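# A structural walkthrough
Below are the chains, spelled out letter by letter.
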Amino acid sequence: MLFSEQNFRRRGEFSGSIEVVCGSMFSGKTEELIRRLKRAQIAKLNVEIFKPRTDTRYHESAVVSHDLNSINSTPVDSASAILLLGTNTQVVGIDEAQFFDNELPEVCNKLAMKGIRVIVAGLDMDFTGKPFGPMPALMAIAEHVTKVNAVCVCCGNPALYSYRTVADENTVLLGEKESYEPRCRACYNIGKG
Ligand SMILES: Nc1ncnc2c1ncn2[C@@H]1O[C@H](COP(=O)(O)OP(=O)(O)O)[C@@H](O)[C@H]1O
Ligand SMILES: Cc1cn([C@H]2C[C@H](O)[C@@H](COP(=O)(O)O)O2)c(=O)[nH]c1=O
Ligand SMILES: [Zn+2]
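Keep in mind the model is a prediction, meaning the values are calculated, not measured.

Below, the discussion takes up helix 2 (residues 104–113). Within the sequence span of helix 2, burial applies to Leu-104, Pro-105, Val-107, Cys-108, Leu-111 and Ala-112. The buried side chains of helix 2 occupy one side of the element, clustering within an arc of 160° when seen end-on. Immediately beyond the C-terminal end of helix 2, within one or two residues, lies Gly-115, with a positive phi of roughly 95°.

In structure tokens, the structure reads:
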């Protein structure tokens with residue numbers, strides 16, 4: 001079921017909140033983030049979007065999904081830089097949250113306490129299946145957590161893992177289908193041998 005804003009934003013009431021969209025690679029996190037942000041822009045809210053400067057896969061500045069849907073964003077070097085946004089901002093979007101430093105949950109909390117709706121997308125697990133960066137702490141303080149699934153490339157079941165197909169043990173390795181496959185629990189663990 002599509003996430004719906006109608007039940008938690010009432011005109012004139014405090015509206016600050018944190019939403020997290022998480023899942024494996026190719027699960028539709030960025031598409032869902034863009035969908036929510038474009039709806040906020042249609043509603044004529046002031047929207048600002050951020051991503052880590054290191055994420056240059058598709059574009060230097062824009063947030064871009066695997067299907068090449070995109071929305072303009074500001075690349076930043078650290079979570080605290082997000083606090084330098086304009087004073088009229090009503091909605092903040094953040095993509096690739098797993099790459100941010102551990103200040104990100106507190107930054108999101110501060111924004112929400114200023115009445116801003118904060119929507120964050122990121123990988124919940126790295127390629128080893130461990131929680132990724134600030135994502136678990138963000139999920140703990142969020143009002144709304146949406147977990148989306150990809151399709152397992154081996155068997156077609158819902159995929160929650162990002163299986164790395166190249167020999168590189170570094171946690172951070174930017175990539176796409178040449179380096180990662182979304183896999184279900186069974187196929188991920190068979191692959192790990
Ligand atoms: N195995 C797969 N499972 C689901 N979607 C896939 C798969 N491979 C490619 N895609 C494409 O990826 C899109 C999701 O892209 P995106 O929102 O950028 O995902 P994420 O940000 O979670 O990596 C899907 O709409 C689909 O067209
Ligand atoms: C699992 C995993 C992924 N990455 C990288 C690979 C991509 O550049 C991004 C994820 O992008 P997506 O929008 O979710 O498809 O993260 C990584 O560096 N380390 C990992 O363990
Ligand atoms: Zn599978």
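Let us look at the packing of aromatic side chains. This model, assessed by the stated rule, comprises three aromatic pairs. Measuring from centroid to centroid gives 6.1 Å for Tyr-163 and Tyr-188, while their planes differ by 90°, and the two rings are edge-to-face. Of this pair, Tyr-163 sits in strand 11 (residues 161–164) while Tyr-188 sits in helix 4 (residues 185–192), and the two are 25 residues apart along the sequence. Judged on exposure class, the residue Tyr-163 and its partner Tyr-188 are both buried. Aromatic rings pair up to connect Tyr-161, Tyr-163 and Tyr-188 into one cluster. Above the plane of the ring of Phe-3 lies Arg-36, whose end atom (NZ or CZ) is 3.7 Å from the centre. The aromatic ring of Phe-127 is capped on one face by Arg-164, whose charged end is 3.6 Å from the ring centroid.

Right, let's get into the coordination of the zinc ion (ligand 3). Tetrahedral metal sites with four donors have an ideal angle of 109.5 degrees; octahedral sites with six donors have ideal angles of 90 or 180 degrees. Here the zinc ion (ligand 3) is held by the protein donor atoms Cys-152 (SG), Cys-155 (SG), Cys-184 (SG) and Cys-187 (SG), which lie 2.3 to 2.4 Å from it. Coordination at the zinc ion (ligand 3) comes from four donor atoms whose angles at the metal span 101 to 117°, giving a geometry best classed as tetrahedral. Given the relative accessible area of 6%, Cys-184 is considered buried.

We now examine the site of ligand 1. The immediate surroundings of ligand 1 are formed by 16 residues, with Phe-26, Lys-29, Thr-30, His-66 and Asp-67 found nearest. Between ligand 1 and the protein, one listed contact pairs an oxygen atom with a backbone N or O atom of Gly-28 at 3.0 Å. Measuring from an oxygen atom of ligand 1, one finds a backbone N or O atom of Glu-31 at 2.9 Å. For ligand 1, whose unbound accessible area comes to 580 Å², protein coverage reaches 79%.

Attention shifts here to the UniProt feature "binding site: Zn(2+)" (unreviewed entry) in the protein chain. Residues annotated in UniProt with the feature "binding site: Zn(2+)" (unreviewed entry) correspond here to Cys-152, Cys-155, Cys-184 and Cys-187. In sequence the annotated residues extend across 36 residues, while in space they remain close, none of their C-alpha pairs exceeding 8.0 Å. With respect to the helices and strands, the residue Cys-152 is situated in the loop between strand 9 (150–151) and strand 10 (158–159). Non-local contacts of Cys-152, meaning those with residues more than four positions away in its chain, are made with Asn-157, Ala-159, Pro-182, Arg-183, Cys-184 and Cys-187.

Let us look at the nonpolar core. Counting 23 residues, the largest nonpolar core has Ile-82, Ile-94 and Leu-104 as its most contacted members. For this core, the secondary-structure elements that each account for two or more residues are strand 1 (17–23), strand 6 (91–94), helix 2, strand 7 (117–123) and helix 3 (135–141). Other than its neighbours up to four places away in sequence, Ile-94 contacts Leu-33, Phe-50, Ile-82, Phe-100, Leu-104, Cys-108, Val-118, Ile-119, Val-120 and Ala-121.

By nearness alone, 19 residues border ligand 2, and Lys-29, Glu-96, Phe-127, Thr-171 and Leu-173 come closest of all. His-66 places a side-chain nitrogen or oxygen 2.8 Å from an oxygen atom of ligand 2. One nitrogen or oxygen atom from the main chain of Thr-171 is found 2.6 Å from a nitrogen atom belonging to ligand 2. Coverage of ligand 2 by the protein chains reaches 99% of its 490 Å² of free accessible surface. When atom positions are compared with the pocket grids, ligand 2 is found to occupy the largest pocket. Of the residues that constitute the shell around ligand 2, the class distribution is nine nonpolar, five polar and five charged.

Cut-off values and rules
- Numbering of residues starts from 1 in every chain and runs along the sequence as written.
- The naming scheme follows written order: chains are lettered A onward, ligands numbered 1 onward.
- Per-residue local features of the predicted model are confined to residues with pLDDT of at least 70, and side-chain atom pairs are confined, for both listing and counting, to 80 or more; whole-chain, interface and lining totals are unaffected and use all residues.
- Hydrogens and water are ignored here; the side-chain numbers use all heavy atoms of the structure.
- A 1.4 Å probe rolled over the protein chains alone gives each residue an accessible area, and that area as a share of the maximum for its type sets the label: buried under 20%, exposed over 50%, partly exposed in between.
- Every helix listed is a DSSP run of H or I at least four residues long, and every strand listed is a run of E at least two residues long, numbered separately from the N terminus.
- When we speak of the arc, we mean the arc of directions from the helix axis to the C-beta atoms.
- Side-chain rings of Phe, Tyr and Trp, where Trp is taken by its six-membered ring, are said to pair if the distance between their centres is within 6.5 Å; with planes under 30 degrees apart they count as stacked, over 60 as edge-to-face, and otherwise as tilted.
- Geometrically, a lysine NZ or arginine CZ counts as sitting over a ring once it is within 6 Å of the ring centre and also within 35 degrees of the ring normal.
- The donor set comprises N, O and S atoms within 2.8 Å of the metal, extended to 3.2 Å for Na, K and Ca; water molecules are omitted, so apparent gaps in a site may simply reflect that omission.
- Key to geometry: four donors with every angle between 85 and 135 degrees are tetrahedral; four donors are square planar and six octahedral where opposite donors lie over 155 degrees apart and all remaining angles lie between 65 and 115; all other sites are irregular.
- Each residue is tested against the molecule or strand, and it is near if at least one of its non-hydrogen atoms lies within 4 Å.
- N or O atoms within 3.5 Å of each other form a polar contact, as long as, within protein, one can give a hydrogen and the other can take it, and as long as residues adjacent in sequence are counted only when both atoms are side-chain atoms.
- Computed with the Shrake-Rupley method and a 1.4 Å probe, the accessible areas treat only the protein chains shown as cover for residues.
- UniProt positions are given in the numbering used here, feature names are shortened, and annotations may be inferred rather than shown by experiment.
- By the convention used here, residues are in contact when the closest approach between their heavy atoms is within 4.5 Å.
- In these notes, a set of buried Ala, Val, Leu, Ile, Met, Phe, Trp, Tyr and Cys residues joined through side-chain atoms within 4.5 Å is what counts as a nonpolar core.
- In this analysis, the protein atoms alone were mapped onto a 1 Å grid. Cavities are point sets where a 1.4 Å probe fits without being able to get out; pockets are open sets with protein on both sides within 12 Å along at least five of seven lines; lining residues have an atom within 4 Å of a point.
- Pocket or cavity membership: a molecule qualifies when more than half of its atoms sit within 2 Å of the grid points of that site.
- Each residue gets one label: Ala, Val, Leu, Ile, Met, Phe, Trp, Tyr, Cys and Pro are nonpolar, Asp, Glu, Lys and Arg are charged, and the others, such as Gly, are polar.

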